[in-house]
Structure formats: structure tokens, C-alpha cells
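# Observations on chain architecture
Letter by letter, the chains look like this.
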Amino acid sequence: MTAFTPPFCPYPSCAAHAGGVTFRSYRDGSYQRAVDGRRVQRFHCCHCLRRFSSQSFRLDYRQQKPRINPQILGCFVSKVTHRQTARILRIDRKTVQRRLRHFGPALHRWHAVFLARARSRGGLSGSFSFDELETFEHDRRLQPVTVPVLIHRATRFVVHLETADLPSRGGISALNAARKKARERIHGRRTSGSSRAVEACVVALKRVHSPRELLQLVMDRKSTYLPIVRRHFGKRFAALIREYGSAPRNTLNPMFPINHMLAMLRDQVSRLVRRSWAASKKQAELIHHLWIFVAWRNYVRPMFNRTKHLSSAMALGLTDRRYRPAELLRWKWPDLMPVSAI
Ligand SMILES: [Zn+2]
């Protein structure tokens, strides 16, 4: 293993952190980490004179059992419930939950680094598609949730996704109606966040879409969609094929790539599996889980089963290799490790 060279001082208050002054450090001994026996290099910052170690830059900083992280990530994208993950890896269920909360935002930032890279190289071109997947938090009838997902069609690269409330359903039992009232007294009426979430996806696409090209977007016929796209792309879209949701769901359907992606989400993210007891208790946990899926889908998994050495991100030219889960979870990207190191 090559020796670690700190890219800058890890203390945000130090001028040598953000590049205000030239960063210099010297090696200052090492120690053996108790949890896995790895030798950790210590450093001294020549500017603020504080000590730090190579660990300060790592995502598994101060974690117990850091070695299981790639396996936990594997479980998160393989329909394995938190409880079962804990049983398989002989860890506490709370540890699984903590890793979900830790990995979710970290992998969201990882993805943002690549979107920024795409933008700096002139943006993404081609055909895109989006649709909403419906799930729920805690209660299917009282607290439904929508998950709009936006993908690049040819490569199945997930550009963006969101989660938002949907209103409680009508036609519910007397018991559920009473529970709904009790809930509304505390939290207020549950309203639809669908438009806001769809708009966030369109905004994310606009930021990364090649400004030289017209937008090609395939989506369902839903009255709120078109005004949102128009608001952000004006007349800059060429082909807007709006298929009825009832069109046959086969490979010839222009919505096939996005339908397939939503089916994959349902199959691989335990809390989205239909009629399951693994459903999300909270929306915040769901979005963490989804960003983990996105990072795995775009950067780790082969784009298709027949393209073993090619990931979706590679097909778009954003990187030249498929990453291993351990690499995604190695550093505190991008705050404490420059993008160029990826
Ligand atoms: Zn410093």
C-alpha cells in the first residue's frame, strides 16, 4: 500500500485547510489501530501546529468494526432487512442504522462530485426519463410517500431522486379515520409534495444537462409535469414523449428504462419491497437508503448483466473504472479528499 500523503490540513479552522496558504506537514510517528490492526500514520500541520492522522480523512474514522462496511453496503442493496443484516454480520441493529445514516449523506456527496465533473466537461447529453414510485412511511394508507426518480435512459445512470409526502388516502376504515384525525392534530394535514419533489429532479437535471443540446425527456402523462419542465427548460426540449401509464409495460414501451429502474429499486431496497414488514418507519431513513442505492447502481454495479466491466458512470465517460464498495466508503469525499483523487 502506498504511503498516505495528506492533501491539506483536516481542521476547517486552519488556513491550510481550504488552500489559503501552502500546506506543509511532517510525519510524526504512527500507531496500530486496535479495531483492525492497521498502522495509522500521524502528522503535524506546519501551519496550525496541530496533530492529525490519516484516519482523520477516512469515512470510518472512530468506527467500531470498519471492515464490515462493504458487507453492510452489500446488504443495503440486496433486499436484506436491517435486522437480518445485524444477524448475518453479528452486529447490533443500531450499528446498521448508524451506518445507514453515515453512508447515505456520504454517498450523496460522492454522487454530487461526479455530477460536478459531468458539468465541468460540458454536461450530459442523450435521452432522460423520470417517473414516481409510491411507497409509505409507517402506514400505507395514512402516510404514503412518493419517490420521483430521474435517469439517463441509455446508461440507466440515476441523475437524481427525491422523496416527498403524499396526502393520506380516502376510503379508509373508521379506525384509520380516527388515527388520521389524531395525527393531523399533531402534525397538521398531510399535503402532496409531489410537484416540489419532481421540480427538484428537473432542476438537478438542468444543472447537469448539456446546455448545447435540446432536452429529450420521456415521462408519463401527468398534468403537473409539463409546466414544471417548461418552467426550467423553456423551449429547450425536443422530444417529449408522454406515454399513458396504461401502455403495455414491455421493452418496447419508451418508459421501459425508468419502469425497469423502479422495479429494480423495489427488488433491491428492502424498505421498498411491496407487502413487506421492512417498510420505512421514517422518510429520512428512506432517502439515506436511496442514495446508497444510487451510488451502488451508478458506480459499482455493471450497467447491464452483459456489460461486466462497464458501470453506468463509465458509459457516460465520468470515470474509467468500476469502483469497489470499499473505495466508495474509504474517504470523507469531497470535504476531506480532493475530487482529483477519485
Ligand atoms: Zn493546520
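Residues numbered from 1 in each chain as written. Predicted model: local features only at pLDDT ≥ 70, side-chain atom pairs only at ≥ 80, totals over all residues. Heavy atoms only, no water.

Our next topic: the overall build of the chain. Counting its secondary structure elements, the chain contains ten helices and nine strands. A compact globule built from 342 residues would reach a C-alpha radius of gyration of about 20 Å, and the chain, at 22 Å, matches this within 12%. The dimensions of the chain, computed from C-alpha atoms along their principal axes, are 65 × 55 × 40 Å. Per-residue burial over the chain gives 51% buried out of 342 residues. In the chain, the share of contacts with a sequence separation of at least 24, taken over all contacts with a separation of at least 6, comes to 61%. Approximately 17400 Å² of the chain is accessible, and the part contributed by carbon and sulfur atoms is 51%. (Helix = DSSP H or I, 4+ residues; strand = E, 2+ residues; numbered from the N terminus. Rg over C-alpha atoms; globule rule 2.2 N^0.38 Å. Buried < 20%, exposed > 50% of the residue type's maximum accessible area, 1.4 Å probe, protein only. Contact = heavy atoms within 4.5 Å. Areas by Shrake-Rupley, 256 points an atom, 1.4 Å probe, with all protein chains shown as cover.)

Here helix H5 (residues 194-208) spans 22 Å end to end across 15 residues, near enough to the 21 Å set by a 1.5 Å rise per residue. Turning to H5, its buried residues are Ser194, Ala197, Val198, Cys201, Val202, Ala204, Leu205 and Val208. The arc enclosing the buried residues of H5, seen along the axis, measures out at 155°, which places them on a common side. (Expected span 1.5 Å × (residues − 1). Arc of directions from axis to C-beta.)

What follows covers a positive patch on the surface. On the surface, Arg83, Arg87, Arg93, Lys94, Arg98 and Lys281 cluster together to form a positively charged patch. Mapped onto the positive patch, the elements with two or more residues apiece are helix H2 (82-89) and helix H3 (93-120). (Patch = residues over 30% accessible without salt bridge, like charges linked within 9 Å, V, L, I, M, F, W, Y side chains within 5 Å. Salt bridge = Lys/Arg side-chain N within 4 Å of Asp/Glu carboxyl O. Lys, Arg positive; Asp, Glu negative; His and termini not counted. Charge placed at Lys NZ, Arg CZ, Asp CG, Glu CD.)

Read across the sheet, three strands follow the order S1-S2-S3 without closing on themselves; strand pairing throughout is antiparallel. Unpaired on one side and paired on the other, strand S1 (25-32) and strand S3 (51-53) mark the two borders of the sheet. Within the sheet, the average angular offset between the axes of one strand and its neighbour, ignoring direction, is 30°. In terms of strand pairing, S1 meets strand S2 (residues 39-45) through six bridges, oriented antiparallel. Opposite Tyr31, over in S2, you have Val40 as the bridge partner. (Pairing = 2+ DSSP bridges. Axes fitted to C-alpha atoms, helices over the stretch in contact; angles between N-to-C directions.)

Right, let's talk about the environment of His309 for a bit. Along the chain, the position of His309 falls in the loop between helix H8 (283-300) and helix H9 (312-315). Apart from the residues within four sequence positions on either side, His309 is in contact with Met314 and Arg322.

For the rest of this paragraph, the subject is the domain arrangement of the chain. Along its sequence, the chain is organised into domain 1 (1-57) and domain 2 (66-341). The straight-line distance from the C-alpha centre of domain 1 to that of domain 2 is 35 Å. Contacts between the two partners involve eleven residues from domain 1 and, on the opposite side, nine residues from domain 2. Taken over both partners, the interface formed by domain 1 and domain 2 buries close to 760 Å², and the fraction arising from carbon and sulfur atoms is 68%. By the criterion of area lost to domain 2, the three top residues of domain 1 are Phe8, Asp36 and Phe57, representing 51% of everything that side buries. Scanning the region where domain 1 abuts domain 2 turns up zero salt bridges. Here the side of domain 1 that touches domain 2 is composed, by residue class, of six nonpolar, three polar and two charged. (Domains from an automatic or database assignment. Buried area = accessible area lost by both parts, 1.4 Å probe. Nonpolar A, V, L, I, M, F, W, Y, C, P; charged D, E, K, R; others polar.)

Counting residues in hydrophobic clusters, the biggest one holds 87 residues, and the most contacted among them are Leu107, Trp110, Leu124, Val149, Phe157 and Leu265. No other element matches the eleven residues that H8 contributes to this core. Inspection of this core shows a minimum of three residues originating in each of domain 1 (1-57) and domain 2 (66-341). Excluding residues within four positions of it along the chain, Leu107 makes contact with Leu73, Trp291, Ile292, Ala295, Leu328 and Leu329. (Core = buried A, V, L, I, M, F, W, Y, C linked by side-chain atoms within 4.5 Å.)

A separate point is the side chain of Arg99. Within the secondary structure, Arg99 sits in helix H3. An unpaired buried charge is present at Arg99: no salt bridge exists, and Asp60, the closest side chain of opposite charge, is 7.9 Å distant. Other than its neighbours up to four places away in sequence, Arg99 contacts Gln63, Gln64, Lys65, Ile68, Asn69, Ile72 and Phe76.

A few words now on the coordination of the zinc ion. For the zinc ion, the full set of protein donor atoms is Cys9 (SG), Cys14 (SG), Cys45 (SG) and Cys48 (SG), at a range of 2.3 to 2.4 Å. Because the angles between the four donor atoms bound to the zinc ion fall within 105 to 114°, the donor set is best described as tetrahedral. Taken in sequence order, the residues that donate to the zinc ion follow the motif C-x4-C-x30-C-x2-C. Of this pair, Cys9 sits in the segment before S1 while Cys48 is found in the loop between S2 and S3, placing the two residues 39 residues apart along the sequence. On the basis of relative accessible area, Cys48 is assigned to the partly exposed category, the value being 22%. (Donors = N, O, S within 2.8 Å, 3.2 Å for Na, K, Ca; no water. Tetrahedral: all angles 85-135°; square planar, octahedral: opposite > 155°, others 65-115°.)

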